Amino acid sequence: MNIKFSRYSVTPKKRLNRLSSMASKEGVFLSTEIKGKTVYADYFPHIPLGDESVDRFLEGFKDQKTEYQKKILKLLNDDYRFQEFPSKKFRNHQLWSGSEEIHSPIVKYKMLELHDDVFHDALKQGVRVRLDANALFTPSTVHLLVDSIKPEWRTLIDYVEDPLSTTDWSDFPLKKARDFILGTPFDLYIYKPNCELLPNFPNLIFSAYLGHALGNWHSYCEFLENGNTQIIQGIIAAGFYEEVNDFYLGDFDSGFFPDLRLVKENYLALSKRKWVPLCSM
């Protein structure tokens, strides 16, 4: 298997999370051939969250020492099948920053600082909220979050993702979702199919890794294979970059589905890129 790479960069339209900046972000596509078909994968690191830089990823890819490296190799192989996947409808939450209009009965909001109460606006409208605390709080500061949520609003909180930077979540009073922090106990697991292998946990929420369109397509394909269609997912994260074309049709009420014509256009654009040899495996 002869693997090639092609670097790319994207320009954010808004901050991805409280640790990110508005600087351009670098990723890299990998490519190889399987049974005469050219296949692709997307590596898009979030450096503030501990991912390897593109340079380090490329240097170490052949060694396959990290879970992320192993997943990209798996996605290269899976893309042989994924390129032929059908378009099926599913439901997704709205990734909401607080400035745009709410169109969904469920929104996900990423907190930016300790006293961030922007999500209260959604709760006042009776909208369900999936709150991403991104390990913002400690046991001594978490009351700033919990006390700010009125008792009548608490039933509208689907979960709080990574509520504490510490790993003991036993005293946290709201539903808990685990993402980057290895906290316990937790009620749901935020699964990022672009960068990790499928875990053996129930109640998975498939989550976008805020990368390129190819990675977004791969998230959808893995969701079709392994996800629960009865749970509202989080694999759509549109409008984050200038250079990334969204390919979903539909709406938050009736559901979304991929426009396969646009998916094929994305693959065509990949085939026209300049590719550089990386390694043989």
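Look up: the structure comes first, before these words.
Along each chain, residues carry numbers from 1 onward, in the same order as the chain's sequence is written. Given that the model is predicted, a residue must reach a pLDDT of at least 70 before its local features are reported, and side-chain atom pairs must reach 80 or more before they are shown or counted; all residues, however, enter totals for whole chains, interfaces and linings. The side-chain values count all of the structure's non-hydrogen atoms but skip hydrogen atoms and water molecules.

> Explain the side chain of Asp-132 to me, please; I cannot follow it from the model alone.
Counting from the N terminus, the helices are DSSP H or I runs at least four residues long and the strands are E runs at least two residues long. Relative to the assigned elements, Asp-132 resides in strand 6 (residues 128-132). Here the term buried applies to any residue with accessible area under 20% of the maximum for its type, exposed to any over 50%, and partly exposed to those in between, with areas from a 1.4 Å probe on protein chains only. Overall, the relative accessible area of 2% leaves Asp-132 in the buried class. In protein, a polar contact means a hydrogen-donor-capable atom and an acceptor-capable atom, both N or O and within 3.5 Å, with residues adjacent in sequence counting only if both atoms are side-chain atoms; elsewhere, any N or O pair within 3.5 Å suffices. Here the side chain of Asp-132 touches Lys-110 through a polar contact of 3.4 Å, side chain to side chain. Residues count as neighbours in contact if any of their non-hydrogen atoms are within 4.5 Å of one another. Those residues within four positions of Asp-132 in sequence are excluded, and the remaining contacts are Lys-108, Tyr-109, Lys-110, Met-111 and Glu-161.

> What's the story with the pairing of strand 9 (residues 188-191) in this structure? I'm lost.
What you see with strand 9 is no split at all: Leu-188 and Ile-190 on one side and Tyr-189 and Tyr-191 on the other are buried throughout. Should DSSP find at least two bridges between two strands, the strands are regarded as paired. Bridge analysis of strand 8 (residues 176-178) against strand 9 gives two bridges, and the strand direction is parallel. In the strand pairing of strand 9, Ala-177 is matched with Leu-188. Of the strand pairs in this sheet, strand 9 and strand 10 (residues 204-206) are connected by three bridges, and their pairing is parallel. When the sheet's bridge partners are listed, Tyr-191 is paired in strand 10 with Phe-206.

> Even after reading the chapter, I still don't get the sheet that holds strand 13 (residues 276-280), so can you show me in this structure?
Across a sheet, strands are paired by hydrogen bonds formed along the backbone, either parallel or antiparallel in direction. Spatially, 3-2-1-13 is the arrangement adopted by the four strands of the open sheet, whose pairing is antiparallel. Two strands close off the open sheet at either side, each with one partner strand: strand 3 (37-43) and strand 13. The average undirected angle you get between the axes of adjacent strands in this sheet is 30°. Two strands pair when backbone bridges link them, and strand 2 (residues 25-34) and strand 3 are joined in this way by seven bridges, in the antiparallel orientation. Helix axes are fitted to C-alpha atoms over the stretch in contact, other axes to C-alpha atoms as well, and angles between N-to-C directions run from 0 to 180 degrees.

> Which parts of the structure should I look at to understand the environment of Lys-71?
Structurally, Lys-71 can be placed in helix 2 (residues 67-82). Along the chain, Lys-71 and Asn-194 lie 123 residues apart, while their C-alpha atoms are 7.3 Å from each other. In this structure, Lys-71 is in contact with Tyr-191, Pro-193, Asn-194, Cys-195, Glu-196, Leu-197 and Glu-222, ignoring residues within four places of it in sequence.

> What is the right way to read unusual backbone geometry from this model?
Peptide bonds are mostly trans, and most non-glycine residues show a negative phi. Following Thr-184, the chain continues to Pro-185 via a peptide bond in cis, the omega torsion being -5°. For Pro-185, the position within the fold is in the loop between strand 8 and strand 9. A positive phi angle is found at Asn-203, which is not glycine, with a value near 55°. Checked against the element boundaries, Asn-203 lands in the loop between strand 9 and strand 10. With a relative accessible area of 40%, Asn-203 lands in the partly exposed category. Of note in the backbone geometry, Leu-210 takes a positive phi value of approximately 55° without being a glycine. Tracing the backbone through its elements, the reader meets Leu-210 in the loop between strand 10 and helix 5 (213-226). Residue Leu-210 is classed as buried on the basis of its relative accessible area of 8%.

> Any chance you could explain the pattern of salt bridges here in plain terms?
Any two side chains of opposite charge can pair, so long as their charged atoms come close to each other. Each reported salt bridge corresponds to a side-chain nitrogen of Lys or Arg within 4 Å of a carboxyl oxygen of Asp or Glu. Taken as a whole and assessed by the stated rule, the structure comprises 16 salt bridges. Two residues, Asp-158 and Arg-128, come together in a salt bridge whose shortest N-O distance is 2.6 Å. Remark: Arg-128 occurs in strand 6 and Asp-158 occurs in strand 7 (residues 157-161); sequence separation between them is 30 residues. When its relative accessible area of 14% is taken as the criterion, Asp-158 is described as buried. Residues Glu-196 and Lys-192 are paired through a salt bridge, measuring 3.1 Å at the closest nitrogen-oxygen approach. The same class applies to Glu-196 and to Lys-192, which are both buried.

> Whenever I open this one, the sheet that holds strand 4 (residues 94-95) confuses me. Can you help?
Read across the open sheet, the seven strands follow the order 4-5-6-7-8-9-10; overall the sheet is parallel. Each end of this open sheet is capped by a strand with a single partner; those strands are strand 4 and strand 10.

> Help me understand the environment of Ile-190 in this model?
When you line up the elements, Ile-190 lands in strand 9. Separated by 32 residues in sequence, Ile-190 and Glu-222 place their C-alpha atoms 14 Å apart. Beyond its immediate stretch of four places on either side in the chain, Ile-190 contacts Tyr-159, Glu-161, Ala-177, Arg-178, Asp-179, Glu-196, Ile-205 and Ser-207.

> Even after reading the chapter, I still don't get helix 5, so can you show me in this structure?
In an α-helix, one turn spans 3.6 residues, which is why side chains three or four residues apart end up on the same side. Multiply 1.5 Å by the residue count of a helix minus one, and that product is the helix's expected span. Taking 1.5 Å of rise per residue, the 14 residues of helix 5 would be expected to cover 20 Å, and the 20 Å separating its terminal C-alpha atoms lies within 8% of that figure. By the criterion of burial, helix 5 is predominantly enclosed, with eleven of the 14 residues buried. When we look at burial in helix 5, the residues that qualify are Ala-213, Leu-214, Gly-215, Asn-216, Trp-217, His-218, Ser-219, Tyr-220, Cys-221, Glu-222 and Phe-223.

> Quick question: what am I supposed to make of the packing of aromatic side chains here?
For this analysis, a ring pair means two rings from Phe, Tyr or Trp (six-membered ring only for Trp) whose centres lie within 6.5 Å, classed as stacked if their planes differ by under 30 degrees, edge-to-face if by over 60, and tilted for the remaining angles. For the coordinates displayed, the defined rule picks out 24 aromatic pairs. Each ring, one from Phe-90 and one from Tyr-220, has its centre 5.9 Å from the other, and the planes form 40°; the classification is tilted. Taken together, the residues Phe-90 in the loop between helix 2 and strand 4 and Tyr-220 in helix 5 connect sequence positions 130 residues apart. Like Tyr-220, Phe-90 is buried. With 6.4 Å between their ring centres and 35° between their planes, Tyr-109 and Phe-119 make a pair best called tilted. In this pair, Tyr-109 is assigned in strand 5 (residues 106-110) and Phe-119 in the loop between strand 5 and helix 3 (120-124), connecting sequence segments ten residues apart. The residues Tyr-109 and Phe-119 share a single accessibility class, namely buried. Ring-pair connections join several aromatic residues into one group, and the members of that group are Phe-90, Tyr-191, Phe-206, Trp-217, Tyr-220, Phe-223, Phe-247 and Tyr-248.

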